[in-house]
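Per-entry structural report
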Amino acid sequence: MAVRRAALEAVEDVEPAPLRATIERHIQGGSTVPGVFTLHGVRAIADGSTPTAAADGDLLETVAARAAGVQLIYDGLRLTRQLAQDEPWLDGDGEAADVEILAADVMVARGFYLLARTEAADAAVAVVRAFGRDQTVRRETGDPAIDRNLEADVLELAVVAGATVAGGTASPRLREYAADLAVTPFPDAVDFFAETDADALSAMAADGGGTEGVTTLGDQ
């Protein structure tokens, strides 16, 4: 899948190799819903336009980078959440746990790097800050319902990253609609989008902005 491939390419220079292998394992083993939803955000704003391959090469590369950025931030925070709840250090496997938490940090950092000079940069920072607050509350209350906030926030980030890729906007209504779709954990992307109304997403986008003449990805 394009999203997973782009995310893997974004970390291909990570050293040492065992750390990179840990990162790749988590990217390959997780749901790609956040990255694919970014692509759906582009399509919603573009109202189904498709690219001409030569003219839109730069745009396609930009879309892929944004999708990978959203995906990596989610994968990193998802792993951080898992480690915080499982506490593998208590089982005596501290060295492996240290590599896992470093892998999570690297994924989030690479995701930030990919989104740093985009309109989604502030939204990415907001996701990470909210995650930190939510995990504090989670530890204090033990309420598992709080976990869903990460998936909701990441889907909002995805529509912001996707909608703004060619000058569009993500309206509050579109962001709210995206957040309402969140489930924990995300299922396989194929299953998730089989239950998602693409027409409704486009309608939400039409209500709150858009672009003229935007071209975007024809295939995931």
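Anything mentioned here points back to the structure above.
Notes on the structure follow. From a predicted model like this one, the values you see are computed outputs, not experimental measurements.

**Considerations on the pattern of salt bridges**
Inspection of every chain in the model, using the stated rule, returns nine salt bridges. When the shortest N-O distance is used, the salt bridge between Glu156 and Arg175 registers 3.1 Å. Placement of the pair is Glu156 in helix α7 (residues 148-163) and Arg175 in helix α8 (residues 172-180), with a sequence separation of 19 residues. The exposure class of Arg175 is partly exposed, given its relative accessible area of 30%. When salt bridges that share partners are traced, they join Glu15, Arg20 and Glu24 into one network.

**Side note on helix α6 (residues 121-141)**
The terminal C-alpha atoms of α6, which comprises 21 residues, lie 30 Å apart, in line with the 30 Å expected from a rise of 1.5 Å per residue. Those residues of α6 that sit buried are Ala121, Ala123, Ala124, Val127, Ala130, Phe131, Asp134, Gln135 and Arg138. Gly142 sits one or two positions beyond α6 and adopts a positive phi of about 70°.

**Describing the side chain of Asp147**
Relative to the assigned elements, Asp147 resides in the loop between α6 and α7. Among the polar contacts listed, one links the side chain of Asp147 to the side chain of Gln85, at a separation of 3.1 Å. Ignoring anything within four residues of it in the chain, the contact list for Asp147 reads Arg81, Gln85, Gln135, Arg138 and Thr184.

So, how was this worked out
Numbering of residues begins from 1 in every chain and follows the order in which that chain's sequence is written. Reporting of local features is limited, given that this is a predicted model, to residues whose pLDDT is at least 70; pairs of side-chain atoms are given and counted only at 80 or more, and all residues count toward the totals for whole chains, interfaces and linings. Heavy atoms throughout the structure, all of them, feed into the side-chain values; hydrogens and water do not. Any carboxyl oxygen of Asp or Glu that lies within 4 Å of a side-chain nitrogen of Lys or Arg is treated as forming a salt bridge with it. Counting from the N terminus, the helices are DSSP H or I runs at least four residues long and the strands are E runs at least two residues long. Relative accessibility thresholds used throughout: buried, under 20% of the residue-type maximum; exposed, over 50%; partly exposed, between the two (1.4 Å probe, protein chains only). Multiplying 1.5 Å by the residue count of a helix minus one yields the expected span of that helix. Think of a polar contact as two N or O atoms within 3.5 Å of one another; within protein, one of them needs to be a possible hydrogen donor and the other a possible acceptor, and neighboring residues in sequence only count if both atoms come from side chains. Throughout, a contact is declared for two residues whenever any of their heavy atoms are within 4.5 Å.

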